[in-house]
Amino acid sequence: MQRISRREFVKRTAVTGAAFTSLPAFLAACGESTTTSNKPSKLVVAAVQGNEDGPLKKVVGNYKSQTGIEVQVVEFPYDSLYSKLVTTFQANDSSYDLCMMDDPWMPKFGTMGALKPLDSEFGFTRDSDIPTVVYDVGTWPPPHGPVPPTEQSKTKHLYGITIVGNVEMFMYRSDKSSAPASWDEVLANAAKYNAANFYGYVIRGKATNPVSSDSLPILWSFGGNIFDDNWKVQLDSSDSITAVDFLTRKLKQYAEPGAESFDAAERSQAMATGKAYQSTVWPGEITGIVEDPTVSQVKGKVAYIPIPQGPSGKGLGMMGNWLLGIPKGSKNGQAAADFIKWMLKTENMRNYVAQGGIPIRNSILNDASLASANPYFKALAASFAAVPNWRPRTDQWGAVETSYGTAMNAAVAGQLTPQAAMQKAASEIRTVMKNAGYPTA
């Protein structure tokens, strides 16, 4: 994937209309440095390959200039990084001093006991300028929502700091209408603006992770869920089925043909080339395509807002954070912690933003001087304030998402009714969770 940069790959894909599976995030790194008595000459970071670590690579030189410590970024493709980290943690290997982690990986790594606690071991405390949910997503066991049975007796600790301030949001053509306040208004606008070669709504319907990510904010905003707080499966509840019907039948009337094959790049391409009115969106799509003047034909005509409200009275986005943690096997824990603190410092985060990073500090997201160059910052701040959901905190998430995302794709394709799709997914997930020792029903 590194023959060309991920940004360049996405740009070319947007222009050609070819398929591209985008990961829900670009790296946003930030933090602070202190001097240690035995400071190493080098820290090694295991990182995801692509735009997620692009801004990180651009700022580590400053850290060496200020501290004398080189930060070597070792890159792996997404799936390879996960496998490499699991193997490293199982062996308690000391090859990496820091690791980048997608937030759905935290349950696996937390259950393994693979990371050093940042709070009790290195003195990390919560900063009021950083949203509470940013700390919560890096805490294990999770501070709210269902907790896996094997983890309920564990003491909560902070094991990861978000370095990608990434939350799923909503985009629409602001040159045509005002912002939709609810999903009912989204549907009304889809019907109003739908036309030949102009889609009223774009569905990211590709199987498993893409359609799962696209649909969960709608599911939650309608009062549906995958699990309740006791791990009882909720996908075949009336609220969940109503949400799936809304997306796969009502909105689909005004969606693009072949929605069941669309991924993030196709969605962004449709917006960027003036072929669509609205859709959900991740920050990476905004910076990589929709607001990129070398790609977009609608720059300045698209606005960004938090996920609209559903019948539940809430609009709930989904977190897609990348976190930075310290493997338990690292021999340079204090120096690694100092690097994270350095990255979190406001002035360093501002420099990170200048390199294309996505910040987590409210003061930066709400800085009016940065709004023109980063038109989604205000919406991202509001999305954090609305307390977005994370994917269920279980090490069984991979199997759960496969069942849910496969069934959702079948519903988008019209192969299963919304009710049949959710009943199928719910049945499969109950079996998975029961076999893993969860008290599901």
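Placed above this text is the structure.
Let us look at the structure shown here. Predicted model only: the values in this text are computed from it and were never measured.

Some details on the overall build of the chain
The helix and strand inventory of the chain stands at 17 helices and 10 strands. The C-alpha radius of gyration computed for the chain amounts to 21 Å, which stays within 12% of the reference 22 Å derived for 441 residues, consistent with globular compactness. Along the three orthogonal principal directions, the C-alpha set of the chain runs to about 65 × 50 × 40 Å. Per-residue burial over the chain gives 59% buried out of 441 residues. Of the contacts formed within the chain by residues at least 6 apart in sequence, a portion of 77% connects residues at least 24 apart. Carbon and sulfur atoms provide 47% of the accessible area of the chain, an area that totals close to 16300 Å². Considering the chain, the positive charge centre built from 42 side chains and the negative charge centre built from 40 side chains are found 2 Å apart.

What to know about the sheet that holds strand 9 (residues 302-305)
On the basis of which strands lie adjacent, the open sheet formed by three strands has the order 8-7-9 and antiparallel pairing. Two strands bound the open sheet, and with one partner strand each, they are strand 8 (278-281) and strand 9. Going from strand to strand, the sheet's axes swing by 30° on average, the running direction of each strand aside. One ladder, built from four bridges, connects strand 7 (residues 169-173) with strand 9; its direction is antiparallel.

Describing the pattern of salt bridges
Scanning the model with the defined rule gives 18 salt bridges in all. Glu 75 is the partner of Lys 57 in a salt bridge, and the nearest nitrogen-oxygen pair spans 3.0 Å. You can see Lys 57 sitting in helix 2 (residues 54-67) and its partner Glu 75 sitting in strand 2 (residues 70-76), a full 18 residues away along the chain. Owing to a relative accessible area of 35%, Lys 57 belongs among the partly exposed residues under this scheme. Via salt bridges that share partners, Asp 103, Arg 391 and Arg 393 belong to a single interconnected network.

A word on unusual backbone geometry
Here Trp 140 and Pro 141 are connected by a cis peptide whose omega angle stands at -5°. In this fold, Pro 141 is placed in the loop between strand 4 (139-140) and strand 5 (157-158). In the Ramachandran plot, Asn 92 falls in the positive-phi region, its phi being about 50° despite a non-glycine side chain. Positionally, Asn 92 belongs in the loop between helix 3 (78-90) and strand 3 (98-102). Not every positive phi belongs to a glycine, and Thr 208 is a case in point at roughly 65°. Within the fold, Thr 208 resides in the loop between helix 7 (183-193) and helix 8 (209-221).

Quick look at the pairing of strand 3
A large share of strand 3 lies buried, amounting to five of its five residues. By the alternation rule, side chains of strand 3 split into Leu 98, Met 100 and Asp 102 and Cys 99 and Met 101, which are all buried. Across two bridges, the pairing between strand 1 (residues 42-48) and strand 3 is parallel. Residue pairing for strand 3: Val 45 is matched across the bridge by Leu 98.

Quick look at the packing of helix 8 against helix 16 (residues 397-412)
One way to put it is that helix 8 packs onto helix 16 with a least axis distance of 8 Å and a crossing angle of 85°. Judged by the inter-axis angle, helix 8 sits roughly perpendicular to helix 16. Here helix 8 contributes Asn 209, Val 211, Ser 212, Ser 215, Leu 216 and Leu 219 to the contact with helix 16, which in turn contributes Trp 397, Glu 401, Tyr 404, Gly 405, Met 408, Asn 409 and Val 412. Residue composition of the contact of helix 8 with helix 16, by class: seven nonpolar, five polar and one charged.

Digging into the environment of Gln 355
With respect to the helices and strands, the residue Gln 355 is situated in the loop between helix 13 (346-354) and helix 14 (362-365). When the C-alpha atoms of Gln 355 and Lys 58 are compared, they prove to be 6.8 Å apart, with 297 residues separating the residues in sequence. The contacts of Gln 355, once residues within four sequence positions are left out, are Pro 55, Lys 58 and Val 59.

A look at the sheet that holds strand 3
With respect to topology, five strands assemble into an open sheet ordered 2-1-3-10-6, the strand pairing being mixed. What marks the edges here is a single partner per strand, and that holds for strand 2 and strand 6 (161-162).

Examining helix 10 (residues 264-272)
Burial within helix 10 is extensive, with nine of its nine residues counted as buried. Of the residues making up helix 10, those classed as buried are Ala 264, Ala 265, Glu 266, Arg 267, Ser 268, Gln 269, Ala 270, Met 271 and Ala 272. Downstream of helix 10 by a residue or two, Gly 274 has a phi angle that is positive, lying close to 75°.

Some points on helix 15 (residues 377-385)
Taken together, the buried positions of helix 15 are Phe 377, Ala 379, Leu 380, Ala 381, Ser 383 and Phe 384. Positive backbone phi, approximately 60°, marks Val 387, located one or two places after helix 15.

Observations concerning the environment of Pro 392
Its location among the elements puts Pro 392 in the loop between helix 15 and helix 16. For the pair Pro 392 and Leu 219, spaced 173 residues apart in sequence, the C-alpha separation works out to 13 Å. The residues contacting Pro 392, other than those within four sequence positions of it, are Ile 226, Phe 227, Trp 231 and Trp 397.

Concerning the side chain of Ser 213
The residue Ser 213 is located in helix 8 in this model. The residues touching Ser 213, leaving out its near neighbours within four places in the chain, are Glu 168, Arg 204, Trp 282, Met 318 and Arg 391.

Scoring rules and cut-offs
- Residues numbered from 1 in each chain as written.
- Predicted model: local features only at pLDDT ≥ 70, side-chain atom pairs only at ≥ 80, totals over all residues.
- Heavy atoms only, no water.
- Helix = DSSP H or I, 4+ residues; strand = E, 2+ residues; numbered from the N terminus.
- Rg over C-alpha atoms; globule rule 2.2 N^0.38 Å.
- Buried < 20%, exposed > 50% of the residue type's maximum accessible area, 1.4 Å probe, protein only.
- Contact = heavy atoms within 4.5 Å.
- Areas by Shrake-Rupley, 256 points an atom, 1.4 Å probe, with all protein chains shown as cover.
- Lys, Arg positive; Asp, Glu negative; His and termini not counted.
- Charge placed at Lys NZ, Arg CZ, Asp CG, Glu CD.
- Pairing = 2+ DSSP bridges.
- Axes fitted to C-alpha atoms, helices over the stretch in contact; angles between N-to-C directions.
- Salt bridge = Lys/Arg side-chain N within 4 Å of Asp/Glu carboxyl O.
- Parallel < 35°, antiparallel > 145°, perpendicular 65-115°, else oblique.
- Nonpolar A, V, L, I, M, F, W, Y, C, P; charged D, E, K, R; others polar.

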